[in-house]
Structures are given as structure tokens and as C-alpha cells.
Amino acid sequence: MSLRPTVDFLLHDWLNVAELQQRERFADHSRETFDAVLDTCERIAREKYAPFNRLVDTEEPKFDGEKVILPQASHEACKAYAESGMLSAAQDYAMGGMQLPYTVEAAANAFFAMASVSIGSGMLTTGNANLLMAHGTELQKQVFALNEFNGRFSGTMCLSEPQAGSSLSDVATRAVPDGADFLSDPLGPRYRLRGNKMWISSGEHELTENIIHLVLAKIPDAQGQLVPGVKGISLFIVPKKLVGTDGQLTGQRNDVALAGLNHKCGWRGTTNTLLNFGEGKYPVASPGSGQAQPGAIGYLVGQPGEGLRCMFHMMNEARIGVGMAATMLGMAGYYASLDYARNRPQGRPMTAAGKNPASSQVRIIEHADIKRMLLAQKSYSEGALALALCCARLVDEQHTGTPESANEARLLLEVPTPIVKSFPSEWCLEANSLAIQIHGGYGYTRDFPVEQYWRDNRLNMIHEGTHGIQAMDLLGRKVLMENGQGLKLLAARMQATIAKASPEWQAEARQLANALQQVGSATQAAWQGAEPAQALANAVPYLQAFGHTVVAWIWLDVVQIATGDDPANVGRRAAARYFYRYELPKIGAWLQVVSSRDSTCADVPEDAF
Ligand SMILES: Cc1cc2nc3c(=O)[nH]c(=O)nc-3n(C[C@H](O)[C@H](O)[C@H](O)COP(=O)(O)OP(=O)(O)OC[C@H]3O[C@@H](n4cnc5c(N)ncnc54)[C@H](O)[C@@H]3O)c2cc1C
């Protein structure tokens, strides 16, 4: 079994992406063009990514005092990805793009994530350029976004600071107007930035001609004070090397310096950096002035104070992207452990007469417990993949549907977005742990790939909003927003699946209806007359229960078309049944503490630990 048939089944048989070809934007596309994109990505991932996954793990990025050195394989992977056109796949033809539906783009990127999740920085570059397409000026788009789409430049997202991770309102990087003529720079209002950005992925390297940092910083008020809270945060383009209005490098280095590389548990193919902005390591002159001075030159994007809003405009795609990366690592571990289980002889079957030591050993895939661990991985990873593609399809609906269906898709997306990020981050990580378990002692060594998958996947519960932050977003905001409309729409979609369930799936349909009802009651009970701190104290168990309910829904929907004796469909039905029998019942325990607003954790005094 390989990934491609699963992707094809989900895209075509389940989500019917061909429907999108009716839309004007996608009218030039066909099954053939979609297949060609998937074929190309599958091939590049197989040739340029997979063979080097271990190499980028063992040969971590190094700093020689001047440059960050990455293996040659990273340069070649990055070049092949850019040449494939995937950086601008969803863009207009006029921008050199393919006007590919986001659903197909997300599916195509899955091959790279499975082959080597950390080798490239394509997702960040595309996210950065897409943000500029949404909020930048025409010239910012031409000079920066276009050159990111064509692979000359790469992009970063600089939000976090040493003292401001989850709490971005505490960002302390300052941006002050650069000279009296700061408003008349053709690239946008020009500022000087000073501050430190922590954890910046792909913050320094030689993979591309230039690096375009998108930086959150605060513009001080008239008294020189930083405005507290998120409202004071603005967004700036800070290129590593200054660029002219023609998109060519001016030859001047901007005042952005690498303070150090972070040495990570996994995901080691991507550099991770502490960057100093404006500390004077590379003093730089403002245009028209010969005097070089400290301070990183940055160009405002959008309006002052709108930085976080601009950044979070891309939130849905960013969370789908992280969820997809976690999912594909889960899938990689599943395939590796399946292969191992099919080949490893160990143990003998237990019969009524005991074990026969004279018989040959069986392959471990014949043991029920190994099958349990394989089915768990399959149910998490394939369920998460279906969920991510379903959310990607809603993004396409939001961008190209009729006004009513676009608005419905927008609302509908809000609720599962924290889940599409957090479910795979938690449960596909658990899948990686089970993949190690299936390998026994061998899984705990570097001779097999599964320990690296686990280490790589461990990041996903931390970045792009930690698990706890996603949980508070879900229970504290998403299920309540616009009078709970998003939640109601999602519940209606689940009810529709329940209503169409075939006779074979009636028990599961009833179980899902019951789970949905439990989630609804727990949501109400959590908030009934409660202070936010009480309601949110058990937000993570709520997220877990909600996530399991959503994935149970996805599985019930998928298996309605997974009929017949084809082994792939037999496998899908087994994974769905596993999820209903072994996983969904867990929600009772999770929701119990939510509904009763259990305060065991919240109340424990610090000195009792
Ligand atoms: C490998 C890697 C790559 C990254 N890449 C980037 C990048 O490219 N750009 C970028 O800007 N950032 C990046 N990050 C930063 C990442 O987004 C942050 O690590 C993350 O937001 C958490 O911030 P923190 O590490 O400061 O942890 P903290 O915010 O200090 O959180 C620590 C713990 O406290 C919990 N916590 C925090 N606040 C609350 C609260 N109010 N209520 C309950 N619990 C709370 C958190 O859930 C977490 O468990 C990256 C991080 C890593 C590790």
C-alpha cells in the first residue's frame, strides 16, 4: 500500500474535486492536470527528499561565523521544489501560478512532508508570499512576493521573541520611522527595527539569493511608549539584503544578524534561529543618505496596528499545513512499521494445546496486538489526512464559492481549524510511538527511521500555537463565535452523515449522534454561569473529545463509499471500526471533567507539587 491510492481515493472518490473544475478559476484544470501535479511531486519527493531525510537529521545546520552551512541535498531539494512551480501553485496565471485548487496543492505537498518534513522551507515561503498578496501594495507584491514565488527569495515568519511566545501581545521589537521622508519610500512606509526574534525557522541560510523576513513589531506612541496588547502590533517586511524597486539586490546588507542556531530534538533539516534586528552588526544607510547606522530597515505592510490581523489572515492555511505535516509523519511511521511487521518473524501462535516450539516463528503482523497498533496508526493518520483535505476543500469553497456557500465555508472552517492542527499533532505523534513499539528494540535505534519521525513530529504540538492555546481557542472562542453558528453548521454536517449511514454503519451512526450530543452538553455545562478561567481549565480534554468526535464523523463519512472486497476498502472499514470501538469511547472521560468543571488541576497549590 502506498500513499498515492489513498490520496486519489480521498480527492476524487470522496471529495469529488472534479466539481471544482466547473468554477471559472479552475476551468483549465482536469483530472489529467491534477494527476500531473501529484505525479511530479511524488517523483521529486522520492528522488530529492526521501533519500536524504536521515542525512539532514545527522548533518545539522552549522554556522561557520559568517554563513550557515546546509548539506548539498538541501540545496538540490529546494531547487527542485521551486522548479516544480509548487511555490506559486495556487496563484493567478498572471503571477506565474497554476491556479491550482488549494485542496490539490495541499495533497501534493503531502508527498514532500512524508519524504522529508524538514528539508525544505517551501511552506513558510508560500505563506509569507501569500500574506503579501493579501495585504501588500502592488510594488511589495512585485518586488517581494513574486521573487518568493519564483524561488529567488525565501520567506520567514518572525512572531516569537524570547519573552513572547504564546503571548504575542508582549512583543517588544520596536519600529520607528526612518527619517523625515519615511512615508515616501516606494516599497512602503520605511521604519528602523530593533529587537530579538526567537525560534525563527529558516532565518538564515544560503539556499536562496535573499531572505524576506515578515516581522511583528510595535511602533511607539508620541511619548515613546509601546502600546500594550495586540492592537499595538504592526507587520514589516525586513529583507536580509536590501532590494531595489526593480527586485534586484542593491548590494547593501540589512542590519539583521544571526545570534545563534537552536539545536533541536528533530526537524533538523530546517535551520532554527535567534535573530537580532538592528543591533548594529550590519549598519545600513537609508536611501539618499550616505551614513550607515544601526537599525534594520523594514517596510510597513497594511496599516499600523494591523499586524496580527494580517498575520492571522493566513491562519487557516497555516494550521492545515502544520496538521498535514504531523499527519504525514504519522503516515510515514505507519508504512515503515507495516513493512517491518510483515517481515519480522517472532513468536508462535497460541493454540489450545499451547505453543509448538518446533514450528517456525510467525511474522509479527500475525499477532493481534501488532494489528491493533497498526490499525490505531491507520485510523489516526488516514482520518487526519481526510480531515485536512476536507478543510482544504472548505478553503477553496471560501475563496471560489457563491457568496452564500463561501460564507458558510468560512464559518464552518472556524471550528475544526484548531482540530486540524491539534488532532494530528497529538495522535499522529502517538502513531509514531506505536511505530517504534512495533519495531521493538530496533525502533529505539537510529538504524530504523521511526525514532526520527517521532522526534520530527514532537514539534507540532508546540509551534503555530501550542496544544493548550489551540484548546482555549476552540472552547473559548470558536464554538461561541457568531452565536455558535460555526458549531451549529458543523453539527448539521455531522447529522447529514448520520442520516445517510448505510445499514452496516447504523451502530456507529448512533454512537456518533451520542458523541455529538455529549460534546454539545459539555460545551454548555462548561460555560453555564462560569468565569472564563473555570470554563477553560479543562480546555485540553475538551479539545481531545471534540477532535475524536470530528475524526469519528470523518471516518463514518469516508466508509459510506468504502464498500466491496477491495483490500483498501476492507482496510478503511477496519480502521473506522477500530476508531469507533477503541477511541471514541474515550470522550466520556474527557468530557466528564469539562462538564463538571473539575478543578483538581486548577486548585492544587504550587507548593504541593
Ligand atoms: C522548532 C521551532 C520552530 C519554530 N518556528 C517559528 C517561526 O518560524 N516563527 C515564529 O515566530 N515562531 C516559531 N516558533 C515558536 C513557537 O511558535 C513557540 O515556541 C510557541 O508559540 C510557544 O511559545 P514558547 O516556546 O515561548 O512557549 P510558552 O508560550 O512559554 O509556553 C510554555 C507552555 O505554557 C503554556 N501556556 C502559555 N500560555 C498559557 C496560557 N495563557 N494558559 C495556559 N497555558 C499556557 C503553553 O501551552 C506551553 O505548554 C518555533 C518553535 C520551535 C520549537
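Summary of the structure given here. (Residues numbered from 1 in each chain as written. Predicted model: local features only at pLDDT ≥ 70, side-chain atom pairs only at ≥ 80, totals over all residues. Heavy atoms only, no water.)

Digging into the overall build of the protein chain
Then step 1. Across its full length, the protein chain holds 21 helices and 14 strands.
Then step 2. For 609 residues, the compact-globule estimate of 2.2 N^0.38 gives 25 Å, and the protein chain sits close to it at 25 Å.
Then step 3. C-alpha extents for the protein chain along the principal axes are approximately 90 × 60 × 60 Å.
Then step 4. Residue burial in the protein chain is summarised as follows: out of 609 residues, 55% are buried.
Then step 5. Look at the contacts in the protein chain between residues 6 or more apart in sequence, and 75% of them connect residues 24 or more apart.
Then step 6. Total accessible area computed for the protein chain in this model is approximately 25000 Å², and 53% of it derives from carbon and sulfur atoms. (Helix = DSSP H or I, 4+ residues; strand = E, 2+ residues; numbered from the N terminus. Rg over C-alpha atoms; globule rule 2.2 N^0.38 Å. Buried < 20%, exposed > 50% of the residue type's maximum accessible area, 1.4 Å probe, protein only. Contact = heavy atoms within 4.5 Å. Areas by Shrake-Rupley, 256 points an atom, 1.4 Å probe, with all protein chains shown as cover.)

What about the nonpolar core?
Then step 1. Counting 130 residues, the largest nonpolar core has Tyr 380, Leu 385, Tyr 542 and Phe 546 as the members making the most contacts within it.
Then step 2. For Leu 385, the contacting residues outside a window of four places in its chain are Leu 3, Thr 6, Val 7, Leu 10, Met 324, Thr 327, Met 328 and Met 331.
Then step 3. Phe 144, Leu 168, Leu 187 and Ile 212 belong to the second-largest nonpolar core, a separate cluster that totals 31 residues. (Core = buried A, V, L, I, M, F, W, Y, C linked by side-chain atoms within 4.5 Å.)

Topic: the pattern of salt bridges
Then step 1. Taken as a whole and judged by the stated rule, the model has 42 salt bridges.
Then step 2. For Glu 366, the salt bridge is made with Arg 363, and the minimal N-O distance between the two is 3.6 Å.
Then step 3. Arg 363 sits in the partly exposed class, given a relative accessible area of 36%.
Then step 4. One salt bridge connects Asp 473 with Lys 478, and the closest N-O pair in it is separated by 3.3 Å. Just as Asp 473 is buried, Lys 478 falls in that class too.
Then step 5. Here the salt bridges share partners, and the residues they tie into one network are Arg 4, Asp 8, Arg 31, Asp 35, Asp 39 and Glu 42. (Salt bridge = Lys/Arg side-chain N within 4 Å of Asp/Glu carboxyl O.)

Points about the site of the ligand
Then step 1. Neighbouring the ligand are 17 residues; Met 157, Ser 160, Ser 166, Trp 199 and Thr 466 lie closest to it.
Then step 2. The separation between a nitrogen atom of the ligand and a polar main-chain atom of Met 157 is 2.7 Å.
Then step 3. One of the backbone N or O atoms of Leu 159 is found 2.9 Å from an oxygen atom in the ligand.
Then step 4. Look at the ligand: alone it shows 980 Å² of surface, and the protein chains cover 62% of it.
Then step 5. For the shell around the ligand, the leading source of residues is strand β5 (residues 190-201), giving three residues.
Then step 6. The class makeup of the residues in the shell around the ligand is eight nonpolar, seven polar and two charged. (Near = heavy atom within 4 Å. Polar contact = N/O pair within 3.5 Å; in protein donor to acceptor, adjacent residues only side chain to side chain. Nonpolar A, V, L, I, M, F, W, Y, C, P; charged D, E, K, R; others polar.)

So, the packing of helix α15 (residues 481-500) against helix α18 (residues 539-559)
Then step 1. Put simply, α15 and α18 touch, their axes get as near as 9 Å, and they point 40° apart. Taken as axis vectors, α15 and α18 run oblique relative to one another. Where α15 crosses over α18, the two elements pack in a sense that is left-handed. Contact residues: α15 offers Leu 487, Leu 490, Arg 493, Met 494, Thr 497, Ile 498 and Lys 500, while α18 offers Phe 546, Thr 549, Val 550, Trp 553, Leu 556 and Asp 557.
Then step 2. Considered class by class, the residues forming the contact of α15 with α18 number eight nonpolar, two polar and three charged. (Axes fitted to C-alpha atoms, helices over the stretch in contact; angles between N-to-C directions. Parallel < 35°, antiparallel > 145°, perpendicular 65-115°, else oblique. Left-handed = near helix turned anticlockwise from the far one by under 90°.)

Remarks on the packing of aromatic side chains
Then step 1. Under the definition given, this model contains 15 aromatic pairs.
Then step 2. Between Tyr 191 and Phe 236, the aromatic rings sit 5.2 Å apart at their centres with planes inclined by 65°, giving edge-to-face as the arrangement. With Tyr 191 in strand β5 and Phe 236 in strand β7 (residues 233-239), this residue pair connects regions lying 45 residues apart in the sequence.
Then step 3. You can call Tyr 191 buried: its relative accessible area is 6%. (Phe/Tyr/Trp six-rings, centres within 6.5 Å; stacked < 30°, edge-to-face > 60°.)

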